[in-house]
Each structure stands twice: as C-alpha cells, then as structure tokens.
Amino acid sequence: MPEQFFWGVEVVLNGLMAGVLYALVALGFVLIFKASGIFNYAQGVLALFAALTLVGIMEGRVPFAHLINAVFGTKLHHFGWELPALVAIVLTAGVMVALAWAVQRFIFRFLVGQEPIILFMATIGLAYFLEGLGDVMWGADIKNLEVGLPQGINATIDQMTFEWFGYGFFIDNLDIAATLIAAALVTVLILFAQYTKQGRAMRAVADDHQAALSVGVSLNFIWIMVWSLAGLVALVAGIMWGTKMGVQFSLSLIALKALPVLMLGGFTSIPGAIVGGLIIGVGEKLFEFLIGPMLGGATDNWFAYVLALVFLVFRPQGLFGEKIIERV
C-alpha cells in the first residue's frame, strides 16, 4: 500500500481523538442549553476554573495568597502539604457542585422568564467574574497538572506505536487516555439521561418547562443538577487540556472550538455533540494534511468555522438538532 495511505490513516486517528476532546467541551454547553435554554458562554472558563482549583488543592496552595500578603504583609504561599490526585479531584468536584448551586441561587433564579439575550449576557458576566476570581485565588502563572496522565507541558508526551503492514502509527498516549475517559463519561451521561428518574426529569424540562412543572418537576433542582453536571464535564475537560497544554488562562479559549461542534451537531443533542466533535476533529486534520500545504498551513485555525458556516446556511439546526417551527 502507498505510504500516503498510512499517513492519511494516522491523520484520521489523531483527528478522531482531537474531536473527542472538542466534544467533551461541547457537552457542557448542550447539558445547560437542553434544560434551561441558556447558551453558557462561561463553559470554557468553568474548565479553566476547575483546572486552577484542582492544581491549587493538589499542591496545597493558599487561596487568595497574593491578596492576603498584600493586605497583611504576610508571606503565605503553601500550606505545606500535597494531596493525592484522586482526593484533589473529588474535592474539586465538590467545589464545582457548590459553584453550580451558587450560580443558580444568586444569578439565574432571578432571571427566570427573561429574554435569551439577557441570560446569554449573564453568562458572559459570569465568565469574566470566574476568570478574575481564578486569577486572584490561584495566581496567573502557568501551572503543571499531573494526575497520572502523560504530561504535556515542558516535557515530551510519550507516544504509542502501532504496527500495520510494517508502518508505524505514532499516537500520543495522552490522546488515547483522553479518548477513553471522554468515551466513558459520554456513555455515563447518555445512560443517566435515558434511564434515571433525574435524567427523565431533565429531558422533560428540556421539552416543556410548564408541562414539567405541572407534573411536579422542580425546575430549581434540575437547573442546579445540570449546572453541576456541566461543571463536572468542565473539570474533566480542564484536566485533559490542562495536562496537554498546561493550566493557563488561554485554556478558557477552548470553548471557541466547541462552537463549530455545536453548530454541526445541534445545541440540544448529546449524540450530536459527539458526532460534531468527531467531524470537526477529523475534518480539520485531513484538511490541514491534504490542502494546508497549498494554502500556507495553519488551516486548522479556521477550517472548523468555515465548515460550521456552511452547515448554518443549509441546515441551521445542525445534524441532530430539532427544527423549530413557529406559527403566527
């Protein structure tokens, strides 16, 4: 077989694994949009905040150390202890659930019934608030994140080699681990939505708020639950991307790559987020491999948005989204 064929197969494999990471971020958007109709601009910042909090807890950093030192003239930085990664992840998950409760209790509870643009602007404000809070709490320096996965910053990521017809496929171990973890998380979310009482209530709220209220479903509980789930998804995404590129404030920009995924898959579909992520991941890698050299390279920076624009023209609701028909 020609060597170009094997190059193409390797590109597709790496594109599939990149697509899973994109889908992981998009899932947080889908969960909140399905249950409340809110497009959560803060989802990327949630991933950043979760990763910052995880590193801070693991390394025993003192929250707000810079502020405390500036006000009181102290020299606090660390508590002097370090926690195992699993314990720190559990504690960070608790922080994200508490944050979900606070967001619903102090922000969105007062915005029920408002126009979608007002809710969207509220998430923009939330994004900048959390980004500033994370900066003040944990500092703006780039942080290494080590939870047992291959380290992606200031080190060479280990690679696994697969042999096929004498050709070696080089794939980052981090991408393999991220793919398996993301696939497991997606499976759990789908089973939760389909077969649990809370999942059915979430789908009922997504279909019709008033009808769900009429049968005794608590909107407040459901919204806290979906924000908690979105926070946990953001934690997983923050771990994957933080390990890959270091925990830094540009991490919040991963949400921008989720937008084309949502446009392709549909804003209300969990399977759509997965399929959209895979299409974007494979598409941008193949386009860069086949067409990129003719255009000067770096096509993966804009290819996803052009593809999403084409979908918006011909199928605005996405592959799995519901077509909204309004009668006047």
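Worth saying up front: this structure is predicted, and the values here are computed from it rather than measured.

Visitor: Help me out: how do you make sense of the overall build of the protein in this one?
Guide: A count of helices and strands for the protein gives 13 helices and two strands. Taken over 328 residues, the protein has a buried fraction of 48%. Partitioning the contacts of the protein with sequence separation of at least 6, the portion at a separation of at least 24 is 72%. Only carbon and sulfur atoms are counted for the fraction: they give 68% of the accessible area of the protein, which is about 16,300 Å².

Visitor: Could you clarify how one ought to interpret the nonpolar core in this entry?
Guide: As a rule of thumb, nonpolar side chains are buried together in soluble globular proteins. Counting 90 residues, the largest nonpolar core has Phe 108, Ile 222, Val 226, Trp 227 and Trp 241 as its most contacted members. For this core, the element with the highest residue contribution is helix α9 (residues 219-245), accounting for 16 residues. Aside from chain neighbours lying at most four places away, what touches Trp 241 is Leu 21, Tyr 22, Val 25, Gly 246, Leu 251 and Ile 254.

Visitor: Hey, could you run me through the environment of Leu 46 in this one?
Guide: Along the polypeptide, Leu 46 turns up in helix α2 (residues 43-58). Leu 46 gets classed as buried once you look at its relative accessible area, which sits at 4%. Sequence spacing of Leu 46 and Ala 234 is 188 residues, and the spatial spacing of their C-alpha atoms is 5.8 Å. Those residues in contact with Leu 46 that sit more than four places away from it in its chain are Asn 40, Met 96, Leu 99, Leu 130, Trp 227 and Ala 234.

Visitor: Explanation requested: the packing of α2 against helix α4 (residues 85-106) in the structure shown.
Guide: Helix-helix packing: each pair is described by the crossing angle between the helix axes and the interaxial distance. In the contact formed by α2 and α4, the axes pass within 9 Å of each other and the chain directions differ by 135 degrees. Taken together, the axis directions place α2 and α4 in an arrangement best described as oblique. Two packed elements cross with a definite hand, and for α2 against α4 that hand is right-handed. Note on element contacts: α4 touches α2 through Ala 85, Ala 88, Ile 89, Leu 91, Thr 92, Val 95, Met 96 and Leu 99, opposite Leu 46, Phe 49, Ala 50, Thr 53, Leu 54, Ile 57 and Met 58.

Visitor: What is the right way to read the side chain of Thr 179 from this model?
Guide: With respect to the helices and strands, Thr 179 occurs in helix α6 (residues 173-195). If we ignore the near neighbours within four places in the chain, the residues touching Thr 179 are Met 17 and Val 20.

Visitor: What am I meant to see in the packing of aromatic side chains here?
Guide: Each aromatic ring pair is specified by the distance between its two centres and by the angle formed by the two planes. Evaluation of the coordinates by the stated rule reveals eleven aromatic pairs. Taking 5.5 Å as the distance between ring centres and 5 degrees as the angle between the ring planes, the aromatic pair formed by Phe 79 and Trp 81 counts as stacked. On the numbers, 5.8 Å between centres and 75 degrees between planes, the contact of Phe 287 with Trp 302 is edge-to-face. Of this pair, Phe 287 sits in helix α11 (residues 270-290) while Trp 302 sits in the loop between α12 (292-295) and α13 (303-314), and the two are 15 residues apart along the sequence. Using a relative accessible area of 37% as the deciding quantity, one classes Trp 302 as partly exposed. Among the aromatic side chains, those forming a connected cluster through ring pairs are Phe 29, Phe 33, Phe 39, Tyr 41, Phe 120 and Phe 267.

The rules behind each value
- Residues numbered from 1 in each chain as written.
- Predicted model: local features only at pLDDT ≥ 70, side-chain atom pairs only at ≥ 80, totals over all residues.
- Heavy atoms only, no water.
- Helix = DSSP H or I, 4+ residues; strand = E, 2+ residues; numbered from the N terminus.
- Buried < 20%, exposed > 50% of the residue type's maximum accessible area, 1.4 Å probe, protein only.
- Contact = heavy atoms within 4.5 Å.
- Areas by Shrake-Rupley, 256 points an atom, 1.4 Å probe, with all protein chains shown as cover.
- Core = buried A, V, L, I, M, F, W, Y, C linked by side-chain atoms within 4.5 Å.
- Axes fitted to C-alpha atoms, helices over the stretch in contact; angles between N-to-C directions.
- Parallel < 35°, antiparallel > 145°, perpendicular 65-115°, else oblique.
- Left-handed = near helix turned anticlockwise from the far one by under 90°.
- Phe/Tyr/Trp six-rings, centres within 6.5 Å; stacked < 30°, edge-to-face > 60°.

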